[in-house]
Amino acid sequence: MIQRVALICGNGAFPLVAARAARQRGIDVFILGLKGMAAEDIAEFPHIWLGVGQLGAAFREIAARDIKDICLIGGLGRPEFADLRPDWGAIKRLPEIFRLLKGGDDHALKGVIRLFEGEGLRVIGVEDLAPDLLAAEGAMNRVPFPDDLKEDLAFGHDCLGALSAYDCGQALVLAHRRIIAIEAAEGTDAMLLRVADLRERGRWRAKGPAGLLIKAPKKGQDLRVDLPAMGPETIASAAKAGLKGIAVQAGRVLILDRAAVAAQAEKAGLFLFGFTRETAA
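Residues numbered from 1 in each chain as written. Predicted model: local features only at pLDDT ≥ 70, side-chain atom pairs only at ≥ 80, totals over all residues. Heavy atoms only, no water.

**Student:** Explain the pattern of salt bridges here, please?
**Tutor:** Pairing of side chains with opposite charge becomes possible as their charged atoms draw close. A full pass over the atoms with the stated rule returns 13 salt bridges. As a salt-bridge pair, Arg-65 and Glu-61 come within 2.6 Å of each other at their nearest N and O atoms. Since its relative accessible area comes to 26%, Glu-61 is described here as partly exposed. Residue Glu-186 pairs with Arg-194 through a salt bridge whose shortest N-O separation is 2.6 Å. (Salt bridge = Lys/Arg side-chain N within 4 Å of Asp/Glu carboxyl O. Buried < 20%, exposed > 50% of the residue type's maximum accessible area, 1.4 Å probe, protein only.)

**Student:** What should I look at first to understand the packing of helix H7 (residues 188–200) against helix H8 (residues 232–240) in this one?
**Tutor:** To describe two helices that pack against each other, one gives the angle between their axes and the distance between the axes. With their axes 8 Å apart at the nearest point, H7 and H8 run at an angle of 15° to one another. Between H7 and H8, the angle is such that the two are roughly parallel. Seen from above, H7 lies across H8 with left-handed handedness. Residues Thr-188, Asp-189, Leu-192, Leu-193, Ala-196 and Glu-200 of H7 lie in contact with H8, whose contacting residues are Glu-233, Thr-234, Ser-237, Ala-238 and Lys-240. Grouping the constituent residues of the contact of H7 with H8 by class yields four nonpolar, three polar and four charged. (Axes fitted to C-alpha atoms, helices over the stretch in contact; angles between N-to-C directions. Helix = DSSP H or I, 4+ residues; strand = E, 2+ residues; numbered from the N terminus. Parallel < 35°, antiparallel > 145°, perpendicular 65-115°, else oblique. Left-handed = near helix turned anticlockwise from the far one by under 90°. Contact = heavy atoms within 4.5 Å. Nonpolar A, V, L, I, M, F, W, Y, C, P; charged D, E, K, R; others polar.)

**Student:** Explanation requested: the packing of aromatic side chains in the structure shown.
**Tutor:** Any aromatic ring pair is given by two values, namely how distant the centres are and how the planes are angled relative to each other. All told, the structure shown has three aromatic pairs when counted by the stated rule. Considering the side-chain rings of Phe-145 and Phe-271, the 5.1 Å spacing of their centres and the 80° angle between planes classify their relative orientation as edge-to-face. Here Phe-271 lies in strand E13 (residues 271–275) and Phe-145 lies in the loop between strand E6 (138–139) and helix H6 (150–163), a separation of 126 residues in the sequence. Comparing Phe-145 with Phe-271 shows no difference in burial state: the two are buried. Ring centres of Phe-145 and Phe-273 lie 4.6 Å apart, and the angle between their planes is 25°; this geometry places the pair in the stacked category. Remark: Phe-273 occurs in strand E13 and Phe-145 occurs in the loop between E6 and H6; sequence separation between them is 128 residues. Of the two residues examined, Phe-145 and Phe-273, each falls in the buried class. Linked through ring pairs, Phe-145, Phe-271 and Phe-273 together constitute an aromatic cluster. Between Arg-65 and the ring centre of Phe-30, over which it is positioned, the NZ or CZ distance is 3.9 Å. Over the aromatic face of Trp-204 sits the side chain of Arg-199, whose NZ or CZ is 4.8 Å from the ring centroid. (Phe/Tyr/Trp six-rings, centres within 6.5 Å; stacked < 30°, edge-to-face > 60°. Lys NZ or Arg CZ within 6 Å of the ring centre and 35° of its normal.)

**Student:** Help me out: how do you make sense of unusual backbone geometry in this one?
**Tutor:** With the exception of glycine, the majority of residues adopt a negative phi angle, and the majority of peptide bonds are in the trans configuration. Residues other than glycine seldom take positive phi values, yet His-176 does so here, at roughly 55°. Here His-176 shows up in the loop between strand E7 (171–175) and strand E8 (178–182).

**Student:** I tried to follow the layout of surface pockets on my own but got confused; where do I start?
**Tutor:** It is a probe the size of a water molecule, rolled over the atoms, that shows where empty space is left. Each pocket or cavity is described by its volume, and for the second largest pocket that value is around 210 Å³. His-157, Pro-217, Lys-219, Gln-249 and Arg-277 are the residues nearest the centre of the second largest pocket, which is lined by 14 residues in total. Here the lining of the second largest pocket takes four residues from H6, the largest share from any one element. Residue composition of the lining of the second largest pocket, grouped by class: four nonpolar, five polar and five charged. (1 Å grid on protein atoms, 1.4 Å probe; cavity = no way out; pocket = protein on both sides within 12 Å on 5 of 7 lines; lining within 4 Å. Points joined across faces, edges and corners; volume = space filled by probe spheres on them.)

**Student:** Honestly, the sheet that holds strand E9 (residues 212–215) in this entry has me stumped. Any pointers?
**Tutor:** Adjacent strands of a sheet form backbone hydrogen bonds with each other and so pair up, either parallel or antiparallel. With mixed pairing, the six strands of this open sheet are ordered in space as E6-E13-E11-E9-E7-E8. Each edge of the open sheet is held by one strand with a lone partner, namely E6 and E8. (Pairing = 2+ DSSP bridges.)

In structure tokens, the structure reads:
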């Protein structure tokens, strides 16, 4: 049973939502806010501010409070080594840090997990603190998932799985088995704006709502960190792109305020569907 947890918080709204959910479950929350990333609102919890390179300070603060469980949440970005400004605790671990910075995001985050586990800490996932943030299975609003998109869902899910070997892409847009866009470093919302631009410029021609956004974690990804996430901006961008709807892997994608986002999608005429490996086969 989790009694105390340290949240290492990056940007976005998810860290604060998860912290509040953990508090409601009777868990004592201590926040380590990353400077230039975490929101000022974390001040409603016991907290400190740290630079990305202050690894030694992070370990000391966590140990001083006898905390054994930590959770990394929020957009953490990918710092250049020159921006780390490492403290002594990080300097002692420079070989490990160099190794984790060489590769994709999943490689880097697995390296970060090893650093914390090497200090005897247990890295937990958001589902341990706020399970209601995860996508539900099946229809999440009253716009039905069209039967004629089942083939596209299976095709797109297979495509994301194939990309996993290259440690890139947790989302894509496709229509009639044609890949329209694949998420890269820009993120899902920026990818969707790219799709909208393709339609406006006539590079992707479609009459009326068309296309499907699929979001899922990479194969072999450690689900304790960097789960795909979506919120109101994703719905707005999907609507601007003229899509039919959104399919996300149930239990493996974070949704900020699931009920409100599902209602927003419904109002925009978009379905929001939580698929499983079986329904995407």
